[in-house]
Amino acid sequence: MYSRFGTNSAMVLRAVTEGDNDLLLAIDEKGLYLTDPVYLDKPKADPNRYSGVRAGMASRIRSLGLDPEALFQENRDRILKADEGGAKKKINPLKASKRSMGK
């Protein structure tokens, strides 16, 4: 399911270790980012995804021995879009019928 600010399992590429921290490498429409597993599949916002901590993300990922550009290109198809989340705007049939009557 698409979440504008949260991280779900479909977004995770792999688990990585940075220093003493076990993190997850995830992807979204803005690129790659590292996040803490406590935010995965939770109904709350992931600050690692929506905040400004992505400024040095490419260098952090390179320091882990990974190529961020290649990873992004290889996994572009995993990026969920807002219209793919299954949540569609509900239409009130009473209001819809009144719209068509006026024309």
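It should be noted that the structure appears before, not after, this text.
A brief report on the enclosed structure follows. From a predicted model like this one, the values you see are computed outputs, not experimental measurements.

Reading guide: rules and limits
- Residues numbered from 1 in each chain as written.
- Predicted model: local features only at pLDDT ≥ 70, side-chain atom pairs only at ≥ 80, totals over all residues.
- Heavy atoms only, no water.
- Helix = DSSP H or I, 4+ residues; strand = E, 2+ residues; numbered from the N terminus.
- Buried < 20%, exposed > 50% of the residue type's maximum accessible area, 1.4 Å probe, protein only.
- Areas by Shrake-Rupley, 256 points an atom, 1.4 Å probe, with all protein chains shown as cover.
- Pairing = 2+ DSSP bridges.
- Core = buried A, V, L, I, M, F, W, Y, C linked by side-chain atoms within 4.5 Å.
- Contact = heavy atoms within 4.5 Å.

## Considering the overall build of the protein
Scanning the protein from terminus to terminus reveals 4 helices and 3 strands. Tracing the protein from N to C terminus, the helices and strands come up as β-β-β-α-α-α-α. Across the 103 residues that make up the protein, the buried fraction comes to 28%. For the protein, the accessible area works out to roughly 7200 Å², and carbon and sulfur atoms hold 54% of it.

## Describing the pairing of strand 2 (residues 21–28)
Among the 8 residues of strand 2, 6 are classified as buried, and the element is accordingly described as predominantly covered. Connecting strand 1 (residues 12–18) to the antiparallel partner strand 2 that follows it, the hairpin turn spans 2 residues, and Gly19 within it adopts a positive phi of roughly 65°. Sheet analysis places strand 2 next to strand 3 (residues 31–35), joined by 5 bridges and oriented antiparallel. Following the sheet pairing, Ile27 is matched in strand 3 by Leu32. Taking the residues between adjacent antiparallel strands as the criterion, strand 2 and strand 3 are bridged by 2 residues.

## Focus: the nonpolar core
If you look at the biggest cluster of nonpolar residues, it comprises 16 residues, and the most contacted ones within it are Leu25, Ile27, Leu32, Leu34, Ile61 and Leu66. Mapped onto this core, the elements with two or more residues apiece are strand 1, strand 2, strand 3, helix 2 (57–63) and helix 3 (68–74). Here this core takes 4 residues from strand 2, the largest share from any one element. Not counting residues up to four positions away in its chain, the partners in contact with Leu25 are Met11, Val12, Leu13, Arg14, Leu32, Tyr33, Leu34, Ile61, Leu66 and Leu71.

## Examining the environment of Glu18
Relative to the assigned elements, Glu18 resides in strand 1. Between the alpha carbons of Glu18 and Leu34 there is a distance of 9.6 Å; along the sequence they are 16 residues apart. With residues up to four places along the chain from it excluded, the contact list for Glu18 reads Leu23, Leu34, Arg60 and Leu64.

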